[in-house]
Amino acid sequence: MDKLVIYNTLTRKKELFKPIHPGAVGMYVCGPTVYGEAHLGHARPAITFDMLFRYLKHIGYKVRYVRNITDVGHLVDDADEGEDKIERRAKVEQLEPMEVVQIYTNSYRGNMARLNNLPPSIEPTASGHIIEQVEAVKKILEAGYGYESNGSVYFDVERFSKDHHYGKLSGRKVEDLYSNTRELDGQSEKRSSMDFALWKKATPEHIMRWPSPWSDGYPGWHMECTAMSTKYLGERFDIHGGGMDLLFPHHEAEIAQSVACTGHESVNYWMHNNLITINGQKMGKSLGNFITLNELFGGKHDLLEKAYSPMTIRFFILQAHYRSPLDFSNEALQAAEKGMERLMKAIEVLGNLPVSAESTVDVAALKQKCYEAMNDDLNSPILIAHLFDGVKMINSINDGKEKISAEDLTALQQLYHEFAFDILGLQSEEQAAAGGGEETMTHVVDLLLNLRIEAKKNKDWATADKIRNELSALGFEIKDTKDGFSWELKK
RNA sequence: GGUCGGUUGGCCGAGUGGCUAGGCAGCGGUCUGCAAAACCGCGUACGGCGGUUCGAAUCCGCCACCGACCUCCA
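Everything numeric here is computed off the predicted structure, so don't read it as measured data.

> Give me the UniProt feature "binding site: ATP" (unreviewed entry) in chain A: which residues, what numbers.
The sites that UniProt annotates as "binding site: ATP" (unreviewed entry) are Lys285. Within the element layout of this structure, Lys285 appears in the loop between β12 (281–282) and α9 (293–298). The class of Lys285 is partly exposed, set by a relative accessible area of 21%. Not counting residues up to four positions away in its chain, the partners in contact with Lys285 are Thr33, Tyr35, Gly36, Glu37, His39, His42 and Phe290.

What follows is the structure, given as structure tokens:
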């Protein structure tokens, strides 16, 4: 519990993790904007921080994990300033904006569940916290770091940077920002191009709007995280996570807002996962090169050679370190699929290994290495490598080449249960697909395969092959084993 | 242009100043009526050029290439 080291973007160093309140951790992660289906890129922070959530709990912390749902406030692009993403989508589909929000929130949650991500402790929505956001804007105005302009309120970066360090998280210099910020439409309201909106006045056709002291409008792009993290985790909390693409300006703005509101920073450890690329380029909505999770699960996309199960996706993501870029390819996904299958088979074998009086294998050392990997900034690829070393160990024991004591076997079983299932959040495909009245079919298939064994005993190869071939044609994969058979249904 | 990060064997992807990462594919073997699967074994890579060092893929410098952010984005 006292050895976890995590990489802090703020200091660009690995630091020993020490919570503010002993034994308890507050963690906030930027969630999705629910105006479209979740794609592969969304899976990465969700899985990364799910692993962190699971590990923190495993090593004994009480954790409050907050992940927001952004359902208001983001602009589509500078061409249609004033119209937010939710609303634009709503017009296209002729739905109420909140109906769109509901559809994609449900879809996101469903996808996350299939990836075996635990639900966060709290999933607050931006639209449900307008009052908190308005209050935060008021505080920033009182502190003198904001100004009203034509019904909108902006954060005064120049004023702020006189008292505080704006750009400390992303390593940017205010002088550079002056020259590098692109000219946007409607910037005349702002004193400086680098100022960002805290509250935006709604145009007449803008449906999503709320009253405020300044105008009927909606909160600025970075306010929700500041308001909601403070509400549920306090003015100071331990971990704030999100994708690297949010580092600037989103998280930089959050820091500025927090400091402006409370006089101090709120986050001790900033963690950022790297992005998933496709052909070396970031996968993103704006680039249009994304593959949705539903497309992956169903194999319905031009770039997909086949369907990939949620667990394959999870394993694929965990096989890379969260701070490294990860490139999508069919080959890599298929490698992950096979690898995970091998791991899961070994865990099955682990369930009934022969026991000996003495062990010739070192389970304690393996366990030690597994903890070291996780404690070193959640190094899941190294953890998985150790688990594969253990696979070799398990198979050798099964082959009689190594021996294990009853005590060690229990420890080894516990180790796999904890690291593979509890911490990495993996599941066997059977577990994942569990449910759904397939019991009868199982019995029928077993019956046929038992008949096949009879036929084989009688050297009636014609019947034996017929049963296997016809089952294969129906999508069953039949394998002969030493003492019988095994089968699975390939979709 | 500015800031940050990366370049590892056929592919994915770790790590380290000298000692086997791991997975997938491939090759060889075991098993098997055939097949498939499974299991075992094998492969010696770190962008280029200099420098530091007894020794560098690992540290330093320069160069090349790639990417992210600088505008909503996981």
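Right, picking up where we left off after that structure.
> Report on helix α10 (residues 310–318), specifying residues and quantitative values.
Burial runs high along α10: 9 of the 9 residues are buried. Restricting attention to buried positions, one finds in α10 the residues Pro310, Met311, Thr312, Ile313, Arg314, Phe315, Phe316, Ile317 and Leu318.

> Outline the sheet that holds strand β4 (residues 62–67), supporting the account with residue identities and numerical values.
Strand pairing within a sheet occurs via backbone hydrogen bonds; the two strands may be parallel or antiparallel. Pairing is parallel in the open sheet, where 4 strands are placed in the order β4-β3-β9-β10. Edge positions in the open sheet fall to β4 and β10 (267–273), since each of these has one partner strand only. Each strand axis lies, on average, 20° off the axis of its neighbour in the sheet, ignoring direction. The pairing of strand β3 (residues 24–29) with β4 spans 6 bridges and is parallel. Among the inter-strand pairings, Tyr28 is bridged to a residue of β4, identified as Val66. Here helix α8 (residues 247–262) sits on the sheet in contact with β9 (237–243) and β10, set at roughly 160° to β9.

Conventions used here
Residues numbered from 1 in each chain as written. Chains lettered and ligands numbered in written order. Predicted model: local features only at pLDDT ≥ 70, side-chain atom pairs only at ≥ 80, totals over all residues. Heavy atoms only, no water. UniProt positions renumbered as here; feature names shortened; annotations may be inferred. Helix = DSSP H or I, 4+ residues; strand = E, 2+ residues; numbered from the N terminus. Buried < 20%, exposed > 50% of the residue type's maximum accessible area, 1.4 Å probe, protein only. Contact = heavy atoms within 4.5 Å. Pairing = 2+ DSSP bridges. Axes fitted to C-alpha atoms, helices over the stretch in contact; angles between N-to-C directions.

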